[in-house]
Amino acid sequence: MTTNPCSWLDCTDTNYLPSLSAATAGNGPHRVIWILSILITSIGRLILLSNSYINSRKLSDPFSGGDHMCISNLLYLSSFIEIFSLNMLSIVSSSVNYIQHRNYFCAFALFSVVYMITDVYVLQLRLKTTENAFLSNILRKKIYLMAFYLICLLIDGLCYWIHMTFCPPYAYTIFSAVEYAAIFANIFYHYTTSSTFEDISVRKMIIYFSTGRTIPFVNMKSELPLLEVK
């Protein structure tokens, strides 16, 4: 094992798998496609985030005041910062500004964890007043994915420290592999949230928003769509 520290994350020692940051760096068309895909999906996520925020305020909800309102606000704020940080770390390449890219990544990781923990806590509070298999199943999936995501982040942090301190062979490969696992865990976690909305087409979604309505939540007891907020 070499004892020479790496000055950058992209090391010249033996590695077989690039990190996502390294894979999307450069000035080729792959980077343009990556940034556009992140921006487009982020627009959809922000629309659903604002939609969920409006619904949670207008529908009868146990989190309508006091400490519960603060927790609910933290949920949406952390999700917004997570999305913003994801876009910024995608736009700011590690090969152009490594420090800034790293800081955006840390912000993304931090607030994604804050969002998951808050989201799970909110669902647990709801289960105290609404017992049903549908919501319990979603909560169970979220807990498993959150635990896996946290483990991946811890392993990645350890691999990052080992790589930057000692720069041994394959440390960067392990870092990259675990990073991809964390990315998929994050994607699947957010996908579970889609279960709480009515399954509608993009065309119907546009109609909803163009007429000043929001996408309905799914009724957790009957698993049927609730009336949308007018």
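Numbering of residues starts from 1 in every chain and runs along the sequence as written. Totals for whole chains, interfaces and linings use every residue, but because this is a predicted model, local features are given only for residues with pLDDT of at least 70 and side-chain atom pairs only at 80 or more, for both listing and counting. Here the side-chain values reflect all heavy atoms present in the structure, with hydrogen atoms and water set aside.

A.B. asks: Just checking my understanding: could you explain a nonpolar patch on the surface for this structure?
C.D. replies: On the surface, a cluster of nonpolar side chains totalling about 440 Å² of accessible area is made up of Val-32, Leu-36, Leu-39, Ile-40 and Ile-91. Put simply, DSSP H or I for four residues or longer makes a helix, DSSP E for two residues or longer makes a strand, and each gets a number counted from the N terminus. Top contributing element to the nonpolar patch by residue count: helix α2 (residues 29–58), with 4 residues. Following the sequence through the fold, Ile-40 ends up in helix α2. In this structure Ile-40 comes out as exposed when scored by relative accessible area, which is 59%. Only residues whose relative accessible area exceeds 30% and that form no salt bridge are eligible for patches; like-charged ones are grouped when within 9 Å, while nonpolar side chains (Val, Leu, Ile, Met, Phe, Trp, Tyr) are grouped when within 5 Å. Working definition of accessibility: Shrake-Rupley area with a 1.4 Å probe, residue cover restricted to the visible protein chains. Take a side-chain nitrogen of Lys or Arg and a carboxyl oxygen of Asp or Glu: if they are within 4 Å of each other, that pair is a salt bridge. Burial classification: accessible surface area is computed with a 1.4 Å probe over protein chains only, and a residue below 20% of its type maximum counts as buried, one above 50% as exposed, and the rest as partly exposed.

A.B. asks: Explain the UniProt feature "transmembrane region" (unreviewed entry) in the protein here, please?
C.D. replies: Under the feature "transmembrane region" (unreviewed entry), the UniProt entry names residues 32–54, 74–96, 102–122, 143–163 and 169–189. Taken end to end, residues 102–122 comprises 100% helix and 0% strand; its first and last C-alpha atoms sit 30 Å apart. Structurally, residues 169–189 is divided into 90% helix and 0% strand, and its ends, taken at the C-alpha atoms, are 32 Å apart. UniProt positions are given in the numbering used here, feature names are shortened, and annotations may be inferred rather than shown by experiment.

A.B. asks: How should the packing of helix α5 (residues 133–165) against helix α6 (residues 171–193) be read in this particular structure?
C.D. replies: Two quantities define a packed helix pair, namely the angle between the helix axes and the distance between the axes. Put simply, α5 and α6 touch, their axes get as near as 8 Å, and they point 160 degrees apart. In terms of axis orientation, α5 runs roughly antiparallel to α6. Our pair here, α5 against α6, has a crossing hand that is left-handed. Classifying every residue of the contact of α5 with α6 by side-chain character gives 19 nonpolar, 4 polar and 4 charged. Angles here are taken between N-to-C directions and fall from 0 to 180 degrees, while the axes themselves are lines fitted to C-alpha atoms, restricted in helices to the stretch in contact. Working rule for angles: under 35 degrees goes down as roughly parallel, over 145 as roughly antiparallel, 65 to 115 as roughly perpendicular, anything else as oblique. The hand of a helix crossing depends on one turn: near helix anticlockwise from the far one by less than a right angle means left-handed, and clockwise means right-handed. Residues were grouped as follows: Ala, Val, Leu, Ile, Met, Phe, Trp, Tyr, Cys and Pro as nonpolar; Asp, Glu, Lys and Arg as charged; and all remaining residues, including Gly, as polar.

A.B. asks: I tried to follow the side chain of His-101 on my own but got confused; where do I start?
C.D. replies: Counting through the fold element by element, His-101 comes out in helix α4 (residues 98–129). You can call His-101 buried: its relative accessible area is 8%. What makes two residues a contact is simply this: any of their non-hydrogen atoms within 4.5 Å. Here His-101 is in contact with Ser-21, Leu-89, Val-92, Ser-93 and Ser-94, once residues within four sequence places are set aside.

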